[in-house]
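Read off the chains here:
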Amino acid sequence: DQFVVENRPKGAVAEGLSYHLQQLSYARGLIQTAKREGADALIAAESTGHLFALGWFSPPELALLPTIHCTLWPKFKPLDTKQRLLNFCNRSLFSKKALGILCISEDIRSQLQLIGGKRLQPVHRFRPCYRKGTFDSIPLPVHVGDRFHVLFAGRLEVNKGIFDLVEICSRLKEDIRKKVIWDIAGEGSREGELRQLVAKRKIGDIFRVHGYCHRPKMLELIRQSHAFIVPTRAEFEEG
């Protein structure tokens, strides 16, 4: 009874100026909800519209707590003009208006320090926690014969590295004796293209695209797997 869960999609993906207006509108909507519900604090992830807009629209009595799960720009790429502008806009939030900031990695902390400087509000590192019971039923993987199972779970997009996995699979198929089985769990805009490429390469017997998987199917795939792979590419912020 302590929780109300609401799905708030942003609608069709916008581009250019429309994208930024969409982000501002979404952030404003969150603040309006917080005010209507009489909230004392708003914990907002970086995917909830432009973070700096939360500071624009929030009343002084509402404590803002940004929680950053992903680096704010690609670590290995130089800052472009757009990112410099976003950093400038975010500086006020990170150095004045936020009560504190949550982040998941030291890379994020370093970027926050670059933006906020000496005035950066307190940054608290956190790590994801999962209920132990979720995975209690999963035994350690057993090697059966010459088979080795690798699992990818995520969005089927280029910057998530799914097509790199096809290349890796194709090379290993010829180069090693062990039979590596690839299980691909997730959905995305490139799912159809991925399935076509797998069919063209004739690797469907070892590169299995499952699409979106509900919990029982995911647990089954985890039980079968000897390793996870996270091939996110460097051009994406979290890569």
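Chemist: What's the story with the overall build of the protein in this structure? I'm lost.
Modeler: A tally of regular secondary structure across the protein gives eight helices and eight strands. Expressed as lengths along the three principal axes of its C-alpha atoms, the size of the protein is roughly 65 × 45 × 35 Å. Counting all 239 residues of the protein, 39% fall into the buried class. Pairs at least 24 residues apart make up 68% of the contacts formed inside the protein by residues separated by at least 6 positions. Accessible surface computed for the protein: about 15400 Å², of which carbon and sulfur atoms make up 54%. In the protein, 37 side chains carry a positive charge and 26 a negative one; their mean positions are 3 Å apart.

Chemist: Whenever I open this one, the environment of Leu86 confuses me. Can you help?
Modeler: Following the sequence through the fold, Leu86 ends up in helix α3 (residues 81–97). For Leu86, a relative accessible area of 18% puts it in the buried group. Excluding its chain neighbours within four sequence positions, the residues that come into contact with Leu86 are His50 and Phe52.

Chemist: Got a minute to help me understand helix α8 (residues 215–224) in this structure?
Modeler: Because an α-helix completes one turn every 3.6 residues, residues spaced three or four positions apart along the sequence face the same direction. For α8, the set of buried residues is Met218, Leu219, Leu221 and Ile222. One face of α8 carries all of its buried residues, which in axial projection span an arc of 160 degrees. For α8, the secondary structure elements touched by its buried residues are α5 (132–135), β5 (147–153), β6 (179–185), β7 (207–211) and β8 (227–228).

Chemist: What is the right way to look at the sheet that holds strand β1 (residues 41–45) in this model?
Modeler: Adjacent strands of a sheet pair through backbone hydrogen bonds, lying either parallel or antiparallel. Strand order in the open sheet formed by four strands is β1-β2-β3-β4, and the pairing between neighbours is parallel. A single partner strand is all that each edge strand has here, and the edge strands are β1 and β4 (123–125). Strand-to-strand twist across the sheet, computed as the mean angle between neighbouring axes with direction ignored, equals 20 degrees. Examined bridge by bridge, β1 and strand β2 (residues 63–68) share five bridges and lie parallel to one another. The residue of β2 that forms the bridge with Ile43 is Leu65.

Chemist: Could you clarify how one ought to interpret the nonpolar core in this entry?
Modeler: Side chains of a nonpolar character, in soluble globular proteins, are inclined to be buried together. Counting residues in each nonpolar core, the largest one holds 25 residues, and the members touching the most others are Leu54, Phe94, Ile101 and Leu112. Every element with two or more residues in this core is listed here: α1 (16–36), β1, α2 (51–57), β2, α3, β3 (101–103) and α4 (106–116). Ranked by the residues each element gives to this core, the list is headed by α2, at four residues. Among residues more than four places away in sequence, those in contact with Phe94 are Leu51, Pro66, Leu72, Ile101, Leu112, Ile115, Arg119, Leu120 and Gln121. Ranked by size, the runner-up nonpolar core spans 19 residues in total, among them Val150, Ile162, Leu165 and Leu194.

Chemist: Would you explain the packing of α3 against α4 in this entry?
Modeler: Relative orientation and spacing of two packed helices are given, respectively, by the angle between their axes and the distance between those axes. With their axes 8 Å apart at the nearest point, α3 and α4 run at an angle of 95 degrees to one another. Our classification of the angle between α3 and α4 gives roughly perpendicular. Along the contact surface, α3 presents Asn87, Asn90, Arg91, Phe94 and Ser95, while α4 presents Leu112, Ile115 and Gly116. For the contact of α3 with α4, the class distribution of residues is three nonpolar, four polar and one charged.

Chemist: How do you make sense of the pattern of salt bridges when you look at a structure like this?
Modeler: Any two side chains of opposite charge can pair if their charged atoms end up close together. With the rule as written, the count across this model stands at eleven salt bridges. Residue Glu106 pairs with Arg109 through a salt bridge whose shortest N-O separation is 3.1 Å. Here Glu106 pairs with Arg109, and both are found in helix α4, just three residues apart, close to one helical turn. For Glu106, a relative accessible area of 41% translates into the label partly exposed. Put simply, Glu106, Arg109 and Arg125 are held in one network by salt bridges that share partners.

Chemist: Looking at this model, I keep getting lost on unusual backbone geometry. Mind explaining?
Modeler: Most peptide bonds take the trans configuration, and most residues that are not glycine carry a negative phi. You will see that Lys202, though not glycine, has its phi angle at about 60 degrees, which is positive. Residue placement: Lys202 occurs in the loop between α7 (191–201) and β7.

About the thresholds
- Residues numbered from 1 in each chain as written.
- Predicted model: local features only at pLDDT ≥ 70, side-chain atom pairs only at ≥ 80, totals over all residues.
- Heavy atoms only, no water.
- Helix = DSSP H or I, 4+ residues; strand = E, 2+ residues; numbered from the N terminus.
- Buried < 20%, exposed > 50% of the residue type's maximum accessible area, 1.4 Å probe, protein only.
- Contact = heavy atoms within 4.5 Å.
- Areas by Shrake-Rupley, 256 points an atom, 1.4 Å probe, with all protein chains shown as cover.
- Lys, Arg positive; Asp, Glu negative; His and termini not counted.
- Charge placed at Lys NZ, Arg CZ, Asp CG, Glu CD.
- Arc of directions from axis to C-beta.
- Pairing = 2+ DSSP bridges.
- Axes fitted to C-alpha atoms, helices over the stretch in contact; angles between N-to-C directions.
- Core = buried A, V, L, I, M, F, W, Y, C linked by side-chain atoms within 4.5 Å.
- Parallel < 35°, antiparallel > 145°, perpendicular 65-115°, else oblique.
- Nonpolar A, V, L, I, M, F, W, Y, C, P; charged D, E, K, R; others polar.
- Salt bridge = Lys/Arg side-chain N within 4 Å of Asp/Glu carboxyl O.

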